[in-house]
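Listed below, chain by chain, are the residues.
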Amino acid sequence: MYERTINHLLELYIFAIDVASPTLENAVISAFLLAQSRYNQLPGNDFIIKAYTHQAISEDSLLQKYLVLTAAYYWSPCDDTEEQRKLRDSVPNVFLYKVLETLAQLDWRNPQSPLNTDWCVFHNHGSSNEKEKCKETWFRYLEEETQSVKEV
Ligand SMILES: [Zn+2]
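Summary of the structure given here. From a predicted model like this one, the values you see are computed outputs, not experimental measurements.

The rules we used
- Residues numbered from 1 in each chain as written.
- Predicted model: local features only at pLDDT ≥ 70, side-chain atom pairs only at ≥ 80, totals over all residues.
- Axes fitted to C-alpha atoms, helices over the stretch in contact; angles between N-to-C directions.
- Helix = DSSP H or I, 4+ residues; strand = E, 2+ residues; numbered from the N terminus.
- Parallel < 35°, antiparallel > 145°, perpendicular 65-115°, else oblique.
- Contact = placed C-beta atoms within 7 Å.
- Nonpolar A, V, L, I, M, F, W, Y, C, P; charged D, E, K, R; others polar.
- Expected span 1.5 Å × (residues − 1).
- Buried ≥ 20, exposed ≤ 12 C-beta atoms within 10 Å, placed from the backbone.
- Left-handed = near helix turned anticlockwise from the far one by under 90°.
- Core = buried A, V, L, I, M, F, W, Y, C linked by C-beta atoms within 7 Å.

The next thing to look at is the packing of helix α1 (residues 2–18) against helix α2 (residues 22–39). Contact pair α1 / α2: the axes reach a minimum separation of 9 Å and the direction vectors enclose 170°. Classified by the interaxial angle, the pair formed by α1 and α2 is roughly antiparallel. For the pair α1 and α2, contact is made by Tyr2, Thr5, Ile6, Leu9, Leu12, Tyr13, Ala16 and Ile17 and by Leu24, Glu25, Val28, Ala31, Phe32, Ala35 and Tyr39, respectively. Its residues assigned to classes, the contact of α1 with α2 comprises 13 nonpolar, one polar and one charged.

What follows concerns the environment of leucine 33. Summarising the element assignment, leucine 33 is placed in helix α2. Taking the C-alpha atoms as reference points, leucine 33 and histidine 125, 92 residues apart in sequence, are found 17 Å from one another.

A word on α2. Compared with the 26 Å implied by 1.5 Å per residue over 18 residues, the 26 Å span of α2 between its first and last C-alpha is a close match. Every buried residue belonging to α2 is among Glu25, Asn26, Val28, Ile29, Ser30 and Phe32, and all of these are buried. The positive-phi residue at the C-terminal boundary of α2 is asparagine 40, with phi of around 50°.

A few words now on the packing of helix α3 (residues 45–53) against helix α4 (residues 62–74). Running from amino to carboxyl end, α3 crosses α4 at an angle of 150°, the nearest separation of the two axes being 10 Å. One way to sum up the angle between α3 and α4 is to call them roughly antiparallel. In the crossing of α3 with α4, the sense of the turn from one axis to the other is left-handed. Packed against α3, whose contacting residues are Ile48, Ala51 and Tyr52, the element α4 presents Leu63, Gln64 and Leu67 at the interface. Within the contact of α3 with α4, the residues separate by chemical class into five nonpolar, one polar and no charged.

Here phenylalanine 47 shows up in helix α3. With 19 C-beta atoms packed within 10 Å, phenylalanine 47 lands in the partly exposed category. A sequence separation of 52 residues divides phenylalanine 47 from valine 99, and the C-alpha atoms of the two residues are 16 Å apart.

One finds Ile29, Leu63, Tyr66 and Leu67 to be the most contacted residues of the largest nonpolar core, which totals 18 residues. Counting residues per element, the ones that place at least two in this core are α1, α2, α3 and α4. A total of six residues in this core trace back to one element, the largest contributor, which is α4. Sequence-distant contacts of leucine 63, that is, excluding residues within four places in its chain, are made with Tyr13, Ile29, Ala51 and Ile57.

Written out as structure tokens, the structure reads:
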């Protein structure tokens, strides 16, 4: 279910780039974070390869930033399935380099995850007002999410 969801989100992300809508781009990145939280899964190597080889997705895109940050914060080699292990050699070097760069810059004394603290780390916002509005929205998502988990 998670794989299917993020592949749909990838299509929506490409559409957001296509129509040049930063608002939609931010919303899709939030949906990636929400899916990650709901299914407790990370994008696999197959997805990373896809996102890094797609023509429409640039090196400074939010999606690539999201993939680098989530890998730096949450990925563990032990969690990879056999299928994901086989794909490791095909993961682009630029991605691996950026993950290493992020890891080197992490403050390990305060390893606060942006997933729990500030989703806007993953967004582009024109003004602080826009950022405040965005925060209210994803805060509500998280609250609803926490409630639906409690109800299960
Ligand atoms: Zn935001």
